[in-house]
Amino acid sequence: MTENSQQQPAAPAPELPTQYAPAEVEGKLYERWVERGYFEADEKSDKEPYTIVIPPPNVTGSLHLGHAFEHTLIDALTRRKRMQGYETLWQPGMDHAGIATQNVVERELAKEGKSRHDLGREAFVERVWQWKAESGGQISGQMKRLGDGVAWSRERFTMDEGLSKAVQTIFKKLYDDELIYRAERIINWCPRCLTAISDIEVEYQEDDGELVSIRYGSGDSEIVVATTRAETMLGDTAVAVHPDDERYAHLVGTEIELPLTGRRIPVVADEHVDPEFGTGAVKVTPAHDPNDFEIGQRHGLPNLAVMDERAVITAHGPFQGLDRLEARSAIVAALRADGRIVAEKRPYVHQVGHCSRCKTTIEPRLSLQWWVKVGPLAKEAGDAVRDGRVKIHPKEMEPRYFGWVDNLRDWCISRQLWWGHRIPVWYGPNGEIVCVGPDDEAPTGEGWHQDTDVLDTWFSSGLWPFSTLGWPEQTPSVEKFYPNSVLVTGYDILFFWVARMMMFGLYAMDGTPPFHTIALHGMVRDQFGKKMSKSFGNAVNPLDWMDEYGSDAVRFTLARGANPGVDVPIGEDWVQGSRNFANKIWNATRFALMNGATVEGELPPVEQLSAADRWILSRLNATVAEVDAYYEDYQFAKLSDSLFHFAWDEVFDWYVELSKTTFFAGGEPAKVSGRVLGEVLDVTLRLLHPVVPFVTETLWTTLTGKESLVIAEWPKDSGFRDDAAEKEIALVQQVVTEVRRFRSDQGLQPGQKVPAELTLDGTALAPHEAAIRQLLRLQPAGPDFHATASLPVAGAKVALDLSGTIDVEAERKRLAKDLAAAEKEKAQATGKLGNEAFLAKAPDNVVDKIRGRLAKAEADIERITAQLAALPEK
């Protein structure tokens, strides 16, 4: 009834242990998968390719929940595609992480009482490579713990020889096309790391600062400006007002006194100024603020830098040599003494940027840097999505993408570090500038020297989809595996990484985008929806959960929370629940194997199948189709939920239980059900494997005797459906559910046996009497049977002898109370739905909710009335 693989049998597997112990299984299984080369990709294969690159983790990093989440999703996609017969490549590798890695090694040197300058550049870089070899890349081993099915033989590093050649190639090409240039601009500067840093490396947090209002000029030329960075006033070169602000019209074009400096500065009119904010006038410090720099460019203002690279004041005068924070206090005190302070607000809580590596407050700084002219590149990146060459999933994320690429400013790509790809530009003794490609000879001779800066890490990771395949050479891997099928990544780096890969991929690969689909996911948060952080005390090491509950439990929990583009809350209780699910799969499969479940031979013809057999095969095929549809739509939460409920509820709780009477009776029906159960388990384990690979591999190889689920075929929906069987079993479920509820209402224990008479003649339930009795713990009625309760359910009647098991009068009072509450709910809902004025004003969802309440109340009334009628008379 389903289409399965014809994988060759392996040696018979041993019997399953009583309990599943992940720690004894996972490591050995993963080693076997890698040794057998299951995850490797062959560019010579004639199979259709399916390619995903790993978002390269930092070489300094270790596996956190965000990695585990993202890797689980990618691994599920690639495992399924491999089972579907694609030539699947999940490309692994690591990022050299310029600032982070340099900081790690510098801290090691500091313990020895040294700095990188004591070693010199060449020796320091060699020391970093040594650190990488000895201590870097621990995340690779942790990825194996999680079960990542990556092609390890293809692992790349953004500083390896091939990727370095790719970086130099594209730099040269961009330079020659005048898309890379060198200029003074405002950048994010870290006074501790002593380098420019990218926007993604700036973390914003609310700090307690001060807002000081300062009076510039005097008399009729007086203007009040406010600032949180009073020390920057030493570098002011203008005051700006809006051109339409009549309050300052008479001052535009004049000069006013800048306090404490002895200088006079112009008043300029600029539309950037918001006349409604504050006093409507702003101080302009072009060398220390990005917006001020733009104003300065428009009005030809000088750029006056007043701080050095360590944020120490360089302006001549009493504040020279002070740290910026020391200078801030000293300048405010001097202004106050001069009568220039109009107002002070302290504390003033505002957003302040900090270096993500060392937490130092970022200083906007005018600096000579290398830049990429992103205008034409960004346009291509936007057009590729607009014309459908690249799809963003979920589609609701497209506006965020366009918001970035349509408004990109030129990208600062130089960093004042030693670890990284050194900028391939040489300067000559007479002002010559030569950009050197990988096949060019660098200039030599007296006075020639290479630029000392390195490239932003995002420059090399932007080449990741094709540089990892061997570009700039047109390798067989490039031809086979580019473009990537899909990129799975977080929406939080949509701009920083995704946009750069789009720009570089389209530029370097002749207009071919780097991937067909961008599948965006959210961020992992704690069970309360709060961001995980060590400072919040809610950070979780996924390895601890893997040790406690197994990797499958962690993976299933993460996948089950993964709705496209939405943040994922996770708590330990949920991981425990997933561990219970793995145990349920294990125990149910053990029971099945002990009772004759098999995959040997063909499925029996339909006419030999019981209604339960036909029902579960119908539901199995429907589940295959549903799971496939969810995979194609990247609905990991829905596919996981679908598999959970099918496996736990329909297979284990219903079909296995319904089949027990058949198994216990033996004979040909038991053999038929054993083959059907084997089929169901075979397909269910295949469906579950991409998300929970370890437990399913162990169970499937035991069930089938075949080599590995990793290379098994993905199930296909055969189209088999049996509506009649589904309706028949639904009646059985209805009877069992209603009687179970009644038993629970009477306070009976689940395992407590009760004498009963079942009147099933003339209904579809008749063939299922034995199973119903087994599921409900109902004994045959003996000669002393006295029906004390009678339940009409699904056209049948279940009479129970509850003599001595319940307090009839107390039960009658309880049910009467429940009935009164249901009737009151019905009356309230009926009243609202009969009120035309209410219906005219109420939203549709509110009306629908009330209709649902009415339907539930009516169902409760019918159920409780039946229960009251079933109670014996006094």
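J.: Which residues make up the overall build of the chain, and what values do they have?
T.: Assigned secondary structure in the chain consists of 27 helices and 31 strands. Projecting the C-alpha coordinates of the chain onto the three principal axes gives extents of approximately 115 × 70 × 55 Å. When each of the 874 residues of the chain is scored for burial, the buried share is 54%. Put simply, 78% of the contacts in the chain that link residues at least 6 apart link residues at least 24 apart.

J.: Residue-level account of helix H21 (residues 667-688), with values.
T.: Owing to its 3.6 residues per turn, the α-helix brings residues three or four apart onto one side. An ideal rise of 1.5 Å per residue puts 32 Å on 22 residues; H21 measures up with 31 Å between its terminal C-alpha atoms. Of all 22 residues making up H21, 18 are buried, and the element is well covered by its neighbours.

J.: Let's hear about the nonpolar core: which residues, and what values?
T.: Phe-171, Phe-459 and Met-502 are the most contacted members of the largest nonpolar core, which has 201 residues in total. Dropping the residues within four chain positions of it, Phe-459 is found in contact with Val-167, Ile-170, Phe-171, Leu-174, Ile-180, Val-372, Trp-411, Ile-413 and Phe-504. One finds Val-225, Leu-258, Phe-319 and Ala-327 within the second-largest nonpolar core, a separate group that totals 28 residues.

J.: An account of the pattern of salt bridges is needed here, citing residue identities and associated values.
T.: Tallied over the entire structure, the rule returns 48 salt bridges. Of the charged contacts in the structure, one is a salt bridge between Arg-340 and Glu-257, with a shortest N-O distance of 3.2 Å. Remark: Glu-257 occurs in strand E11 (residues 255-258) and Arg-340 occurs in the loop between helix H9 (324-337) and strand E14 (341-355); sequence separation between them is 83 residues. Judged by relative accessible area, which is 6%, Arg-340 ranks as buried. Residue classification places Glu-257 among the partly exposed residues on the basis of a relative accessible area of 33%. A single network of salt bridges, built from pairs that share partners, joins Arg-80, Lys-81, Asp-628 and Glu-632.

J.: A description of the sheet that holds strand E19 (residues 425-427) should follow, citing residues and the corresponding values.
T.: Pairing in this open sheet of three strands is antiparallel, and the strands run E20-E19-E21 from one edge to the other. Strands at the two margins of the open sheet, each flanked by one partner only, are strand E20 (433-435) and strand E21 (449-450).

J.: Summarise the state of the cysteines; cite the residues concerned and give the values.
T.: The tally for this structure, following the rule as stated, stands at zero disulfides. Free cysteine: Cys-190, not disulfide-bonded; nearest cysteine sulfur from Cys-358 at 3.5 Å. In this model Cys-193 remains outside any disulfide bridge; the closest cysteine sulfur is found in Cys-190, 3.7 Å from its own. Of the residues examined, Cys-193 reaches a relative accessible area of 6% and is grouped as buried.

J.: How would you summarise the sheet that holds strand E6 (residues 180-190) if you had to cite specific residues and measurements?
T.: Spatially, E7-E6-E15-E17 is the arrangement adopted by the four strands of the open sheet, whose pairing is antiparallel. Unpaired on one side and paired on the other, strand E7 (195-197) and strand E17 (411-412) mark the two borders of the sheet. Where E6 lies against strand E15 (residues 363-372), ten bridges are found, and the strand directions are antiparallel. Across the sheet, residue Asn-188 finds its bridge partner in E15, namely Pro-364. Set on the sheet, helix H8 (residues 290-299) makes contact with E6 and E15; between it and E6 the angle comes to about 140°.

J.: Please set out the packing of aromatic side chains residue by residue, giving values where relevant.
T.: Here the structure, examined in full by the defined rule, presents 25 aromatic pairs. Between Trp-129 and Phe-157, the aromatic rings sit 5.7 Å apart at their centres with planes inclined by 75°, giving edge-to-face as the arrangement. Residue Trp-129 is located in helix H5 (residues 121-135), and its partner Phe-157 is located in strand E5 (residues 156-157); the two are separated by 28 residues in the primary sequence. A residue is classified by how much of its surface remains accessible, and Phe-157, at 6% relative accessible area, is buried. Between Arg-365 and the ring centre of Trp-189, over which it is positioned, the NZ or CZ distance is 4.7 Å.

J.: Residues and numbers for the packing of helix H17 (residues 551-560) against helix H22 (residues 693-704), please.
T.: Across the interface, H17 lies against H22 with an axial gap of 7 Å and an inter-helix angle of 120°. In terms of orientation, H17 lies oblique with respect to H22. Here Ser-551, Asp-552 and Arg-555 of H17 lie close against H22, whose contacting residues are Pro-693, Phe-694 and Val-695. Tallied by class, residues from the contact of H17 with H22 come to three nonpolar, one polar and two charged.

J.: Account for helix H2 (residues 65-83), with residues named and values stated.
T.: Taking 1.5 Å per residue, 19 residues should reach 27 Å; H2 reaches 27 Å between its end C-alpha atoms and fits that length. Within H2, 18 of the 19 residues are buried, leaving the element largely enclosed by the surrounding structure. Once H2 finishes, Gly-85 follows within two positions and takes phi at roughly 100°, a positive value.

J.: How would you explain the side chain of Thr-788 if you had to name every residue and give the values?
T.: Within the secondary structure, Thr-788 sits in the loop between strand E29 (778-780) and strand E30 (789-793). The buried category is assigned to Thr-788, whose relative accessible area is 8%.

J.: Let's hear about the environment of Gln-752: which residues, and what values?
T.: Positionally, Gln-752 belongs in the loop between helix H23 (723-745) and strand E28 (754-759). Distance in space between the C-alpha atoms of Gln-752 and Thr-195 is 74 Å, their sequence separation being 557 residues. Those residues in contact with Gln-752, other than ones at most four positions away along the chain, are Arg-743, Arg-777 and Thr-805.

How each quantity is defined
- Counting of residues starts from 1 at the beginning of each chain's written sequence and follows it residue by residue.
- Owing to the predicted nature of the model, reporting of local features is limited to residues with pLDDT of at least 70; listing and counting of side-chain atom pairs is limited to 80 or more, with chain, interface and lining totals taken over all residues.
- The basis for every side-chain value is the complete set of non-hydrogen atoms in the structure, without hydrogens or water.
- Runs of E in the DSSP output that reach at least two residues are strands. Runs of H or I that reach at least four are helices, and both are numbered from the N terminus.
- Exposure categories follow from relative accessible area, calculated using a 1.4 Å probe and restricted to protein chains: below 20% of the type maximum is buried, above 50% is exposed, and the middle band is partly exposed.
- The criterion used for residue contact is that any of the two residues' heavy atoms lie within 4.5 Å.
- By definition here, a helix of n residues has an expected span of 1.5 Å times n minus one.
- In this description, a nonpolar core means a group of buried Ala, Val, Leu, Ile, Met, Phe, Trp, Tyr and Cys residues linked to one another through side-chain atoms lying within 4.5 Å.
- Criterion for a salt bridge: a side-chain nitrogen of Lys or Arg within 4 Å of a carboxyl oxygen of Asp or Glu.
- Two strands pair under a simple rule: DSSP has to find at least two bridges between them.
- By definition, disulfides here are pairs of cysteine sulfur atoms that lie within 2.5 Å.
- Interaxial angle, 0 to 180 degrees, is taken between N-to-C directions of lines fitted to C-alpha atoms, where a helix line uses only the stretch in contact.
- Here is the rule: rings of Phe, Tyr and Trp (six-membered ring for Trp) pair when centre to centre is within 6.5 Å. Planes less than 30 degrees apart are stacked, more than 60 are edge-to-face, and the remainder are tilted.
- Throughout this description, the term charge over a ring refers to an Arg CZ or Lys NZ atom that lies within 6 Å of the ring centre and within 35 degrees of the ring normal.
- Each angle is binned into one of four classes, with values under 35 degrees roughly parallel, values over 145 roughly antiparallel, values of 65 to 115 roughly perpendicular, and all other values oblique.
- Any residue that is not Ala, Val, Leu, Ile, Met, Phe, Trp, Tyr, Cys, Pro, Asp, Glu, Lys or Arg is counted as polar, Gly included; the first ten are nonpolar and the last four charged.

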